[in-house]
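Fold and contact review
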Amino acid sequence: MTNPAELRLEDKQQAFAELREIKTTLANKGWFPATSGNLSIRVGDFAPDQFTFAISASGKDKSVHTPSDFLLVNEEGKPTEVTWLKPSAETLIHKEIYRLTGCGAILHVHTVFNNIVSELFWERKSIPVDGVELIKAFNIWDEEAHIEIPILPNYADIPRIAELVEGAIVPKVPGIMLRKHGIYAWGANCFEAKRNLEAFEFLFEYVYRMELLKK
Ligand SMILES: CSC[C@@H](O)[C@@H](O)C(=O)COP(=O)(O)O
Ligand SMILES: [Zn+2]
């Protein structure tokens, strides 16, 4: 097991470089408005009770780069090195997703489409999607597959949200919506997390437009 103190400098630098690249790509899509959103990547070995991840510092403008954009935290969401940086306010949600899924990267964005559909389907507590080809991005290959993307309440108290994550995760669906807030999408690595995030956002726009057409 990799003790945080034993993480190689190259591993940390590579994680920060990957986060920086994906941050640029998502910022260029307009998916980090007004400093919203956060992103993380796991570094080193994983056990549910011991792991390390690199995460965006809180309150940063994700459309620009600075030397203080990311920091390393442990499985409790606490910095592993002495730093003046504050980890994302939503670090506890990331750490819970890592603990439960063992995934390698997590991306969180606020978009108008994800906010609207989370409100449209709030009473159902999940967003239904039927038979859309992009469901296959989640490695779900059934013809006319049906998925439900879970929605959690957007409590101001993040630990209250974090404790609901375990009961909300749907096997095979690598994402959770917070009501009128944003999506958390994850994957085995940055490539998969980005692919899954893009698929969710496509599906949210599809669902939104279909709902309008039905009216
Ligand atoms: C500025 S609105 C967005 C925040 O409240 C929060 O939801 C968010 O996604 C970013 O928080 P952060 O602490 O920068 O990671
Ligand atoms: Zn957020």
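Residues numbered from 1 in each chain as written. Chains lettered and ligands numbered in written order. Predicted model: local features only at pLDDT ≥ 70, side-chain atom pairs only at ≥ 80, totals over all residues. Heavy atoms only, no water.

Attention now moves to the packing of aromatic side chains. Inspection of the entire model under this criterion finds eight aromatic pairs. With centroids separated by 5.8 Å and ring planes inclined at 50 degrees, the aromatic side chains of Phe 16 and Phe 70 adopt a geometry described as tilted. Within this pair, whereas Phe 16 is found in helix H1 (residues 9–28), its partner Phe 70 is found in strand S3 (residues 70–74), the two being separated by 54 residues in sequence. For Phe 70, a relative accessible area of 8% puts it in the buried group. Each ring, one from Phe 53 and one from Tyr 98, has its centre 4.8 Å from the other, and the planes form 45 degrees; the classification is tilted. Here Phe 53 is found in strand S2 (residues 50–56), whereas its partner Tyr 98 is found in helix H2 (residues 91–101), with 45 residues between them in sequence. Residue classification places Phe 53 among the buried positions, given a relative accessible area of 0%. We classify Tyr 98 as buried; its relative accessible area is 0%. Among the aromatic residues, ring-to-ring pairing joins Phe 46, Phe 51, Phe 53 and Tyr 98 into one connected group. (Phe/Tyr/Trp six-rings, centres within 6.5 Å; stacked < 30°, edge-to-face > 60°. Helix = DSSP H or I, 4+ residues; strand = E, 2+ residues; numbered from the N terminus. Buried < 20%, exposed > 50% of the residue type's maximum accessible area, 1.4 Å probe, protein only.)

It is worth spelling out the layout of surface pockets at this point. One water molecule sets the probe size; rolling that probe over the atoms shows where empty space is left. In this model, the largest pocket occupies a volume close to 210 Å³. For the lining of the largest pocket, the secondary-structure elements that each account for two or more residues are strand S8 (182–187) and helix H5 (190–214). For the lining of the largest pocket, the leading source of residues is H5, giving three residues. Residue composition of the lining of the largest pocket, by class: eight nonpolar, four polar and three charged. Here the second largest pocket is characterised by a volume of approximately 150 Å³. As for the second largest pocket, its lining consists of Phe 121, Pro 128, Val 129, Asp 130, Tyr 206, Val 207, Met 210, Glu 211 and Lys 214. Elements represented by at least two residues in the lining of the second largest pocket include exactly strand S5 (126–130) and H5. Considering each element in turn, the lining of the second largest pocket owes the most residues, five residues, to H5. The class makeup of the residues in the lining of the second largest pocket is six nonpolar, no polar and three charged. (1 Å grid on protein atoms, 1.4 Å probe; cavity = no way out; pocket = protein on both sides within 12 Å on 5 of 7 lines; lining within 4 Å. Points joined across faces, edges and corners; volume = space filled by probe spheres on them. Nonpolar A, V, L, I, M, F, W, Y, C, P; charged D, E, K, R; others polar.)

Before going further, it helps to spend a moment on the sheet that holds S5. Pairing is mixed in the open sheet, where eight strands are placed in the order S3-S2-S1-S4-S8-S7-S6-S5. The open sheet has two edge strands, S3 and S5, and neither has a second partner. Sheet twist, expressed as the average angle between the axes of neighbouring strands with direction ignored, equals 20 degrees. Pairing analysis gives two bridges linking strand S6 (residues 146–152) to strand S7 (residues 175–178), with the strands arranged parallel. Opposite Ile 151, over in S7, you have Met 177 as the bridge partner. (Pairing = 2+ DSSP bridges. Axes fitted to C-alpha atoms, helices over the stretch in contact; angles between N-to-C directions.)

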